[in-house]
Amino acid sequence: MARVLIVGAGLTGSLCAALLRREASSPLRLTVWDKAEDSGGRMTTASSPHNPQSTVDLGAQYITCTPHYAKIHQSFYDELLAGGILKPLTSPIDGMVIKEGDCNFVAPHGVSSISKHYLKQSAHQVPVHGKNTGVDCHALLQGIFPTQGLNPMSFTSLALAGADICFRQRVTQINLRNNKWEVSRETGSSEQFDIIVLTMPAPQILQLQGDIANLISECQRQQLESVSYSSRYALGLFYEAGTKIDVPWAGRYITSNPCIRFISIDNKKRNIESSEIGPSLVIHTTVPFGVTYLEHSIEDVQELIFQQLENILPGLPQPVATKCQKWRHSQYFCLENPMDRGAW
Ligand SMILES: Cc1cc2nc3c(=O)[nH]c(=O)nc-3n(C[C@H](O)[C@H](O)[C@H](O)COP(=O)(O)OP(=O)(O)OC[C@H]3O[C@@H](n4cnc5c(N)ncnc54)[C@H](O)[C@@H]3O)c2cc1C
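Residues numbered from 1 in each chain as written. Predicted model: local features only at pLDDT ≥ 70, side-chain atom pairs only at ≥ 80, totals over all residues. Heavy atoms only, no water.

Student: Before we move on, could you go through the nonpolar core and cite the residues and values that matter?
Tutor: Ranked by size, the top nonpolar core spans 21 residues in total, and within it Ile 260, Ile 263, Leu 281, Ile 283, Ile 305 and Leu 313 carry the most contacts. Of all elements in the fold, only strand S15 (232-238), strand S17 (260-265), strand S18 (280-285) and helix H11 (298-312) reach the threshold of two or more residues within this core. Among the elements that line this core, the one with the most residues is H11, at four residues. Setting aside its immediate chain neighbours within four residues, Ile 283 contacts Tyr 233, Ala 234, Leu 235, Leu 237, Ile 260, Phe 262, Ile 263, Ile 305 and Leu 309. (Core = buried A, V, L, I, M, F, W, Y, C linked by side-chain atoms within 4.5 Å. Buried < 20%, exposed > 50% of the residue type's maximum accessible area, 1.4 Å probe, protein only. Helix = DSSP H or I, 4+ residues; strand = E, 2+ residues; numbered from the N terminus. Contact = heavy atoms within 4.5 Å.)

Right, here's the structure in full:
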């Protein structure tokens with residue numbers, strides 16, 4: 001039985017696992033490894049240590065379906081909406097630019113519920129409204145490792161058993177041994193796979209050691225190197241039940257502060273306000289702030305964000321818990337086409 005490793009349990013890795021599960025039709029052993037403690041990647045949702053029901057989206061805030069995405073991916077949106085994973089964004093976001101034809105969605109259970117939904121599907125047989133998703137799995141895998149020479153005919157007739165999903169597994173090296181990919185991780189023994197799908201940000205792919213460094217063609221390397229990422233911090237704040245944060249918006253883009261770019265009353269944004277669960281806030285820093293303080297301690301950065309927050313929302317009560325996240329590789333932009341920056 002062919003073994004497939006997907007590195008990363010963010011949106012790309014999770015969806016890839018679900019699509020392989022749906023589209024293949026004979027045995028294939030699927031494994032997902034992620035260095036993090038949970039799924040979601042940059043679509044992560046953190047919980048308060050005091051109340052797991054109090055959550056905050058630290059990365060992606062809302063999903064924008066443009067007319068182009070609707071044309072090519074409508075079945076994905078339909079499925080997520082039908083399952084209650086996505087709901088239309090109806091709360092006011094100050095300063096949000098809405099282009100004609102765009103639809104915005106939030107994930108009421110936290111944005112990481114999208115990855116969790118797909119990972120669940122990768123482990124179980126799920127009928128997909130009786131139709132093919134139209135995604136070419138062979139192209140999906142071949143696109144990542146075109147040197148592998150997988151036979152398209154053989155691939156379309158593969159099927160998956162359940163997926164092994166393992167967290168705290170950082171992949172460090174990939175070597176070729178007897179026509180198999182031998183994958184080493186920071187802890188635990190190395191394992192061999194027939195196919196590997198790498199879904200992490202481009203700079204993290206380029207950091208991998210072993211034969212892979214030489215197997216990536218010069219053209220592929222240049223393409224990977226041409227992808228640049230912004231860096232920023234996210235600060236999540238959890239408050240006691242009953243705390244009132246009296247602002248007329250659920251989210252706000254800030255244009256006049258050197259440190260803070262975006263604030264959201266996260267439970268209000270997701271339309272899940274409740275008298276039993278306290279509000280949660282997320283603050284995203286500006287990119288210049290993120291770049292300047294990239295190597296500073298999380299404690300120092302958190303303090304600086306708090307100082308600036310006091311200027312924007314004076315008199316906020318003390319949160320019962322905080323979670324500060326550094327996004328070194330936050331959102332991509334292509335150097336060859338800088339207009340891509342912030343396209344979402
Ligand atoms: C602050 C912020 C705000 C954003 N806002 C929005 C938004 O509003 N709307 C929107 O659509 N998008 C937004 N995005 C972008 C969106 O989050 C990403 O495009 C999307 O989550 C990328 O998913 P991915 O699976 O491709 O990558 P990732 O989510 O980065 O997943 C890669 C996974 O690989 C794992 N990994 C990395 N290296 C290794 C290794 N060596 N071994 C094992 N595992 C590894 C990581 O832990 C991670 O889980 C935002 C991102 C950030 C950071």
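Student: Give a detailed account of the packing of helix H2 (residues 67-82) against helix H3 (residues 112-123), specifying residues and quantitative values.
Tutor: As a packed pair, H2 and H3 sit with axes 12 Å apart at the nearest point and diverge in direction by 100°. As summarised for this structure, H2 and H3 are arranged roughly perpendicular, according to the angle between their axes. Contacts between H2 and H3 pair Phe 76, Glu 79 and Leu 80 from the former with Ile 114, His 117, Tyr 118 and Gln 121 from the latter. Its residues placed into classes, the contact of H2 with H3 shows four nonpolar, two polar and one charged. (Axes fitted to C-alpha atoms, helices over the stretch in contact; angles between N-to-C directions. Parallel < 35°, antiparallel > 145°, perpendicular 65-115°, else oblique. Nonpolar A, V, L, I, M, F, W, Y, C, P; charged D, E, K, R; others polar.)

Student: Kindly report on the sheet that holds strand S9 (residues 163-166), identifying the contributing residues and their values.
Tutor: Taken in spatial order, the four strands line up as S9-S2-S1-S13 in an open sheet, and their pairing is parallel. Edge positions in the sheet fall to S9 and strand S13 (195-198), since each has one partner strand and no second. Neighbour-to-neighbour, the strand axes of the sheet open up by a mean angle of 15°, direction not taken into account. Two strands pair when backbone bridges link them, and strand S2 (residues 28-33) and S9 are joined in this way by four bridges, in the parallel orientation. Looking at S9, one finds that Val 32 is bridged to Ile 165. The strands touched by helix H1 (residues 11-23) are strand S1 (2-7), S2 and S13; relative to S1, the strand with the most contacts, the crossing angle is about 155°. Together, S2 and S9 form the strand contacts of H3, whose direction differs from that of S9 by roughly 140°. (Pairing = 2+ DSSP bridges.)

Student: Provide a residue-level description of the packing of aromatic side chains, including the pertinent values.
Tutor: Evaluated as defined, the whole model comprises five aromatic pairs. Where Tyr 233 meets Phe 289, the ring centres are 6.5 Å apart and the plane angle is 75°; that geometry is what we call edge-to-face. In this pair, Tyr 233 sits in strand S15 while Phe 289 sits in helix H10 (residues 287-292), placing the two residues 56 residues apart along the sequence. You can call Tyr 233 buried: its relative accessible area is 0%. Members of the aromatic cluster, each reached through a chain of ring pairs, are Tyr 233, Phe 289 and Tyr 293. (Phe/Tyr/Trp six-rings, centres within 6.5 Å; stacked < 30°, edge-to-face > 60°.)

Keep in mind these numbers describe shape, not what the thing actually does.
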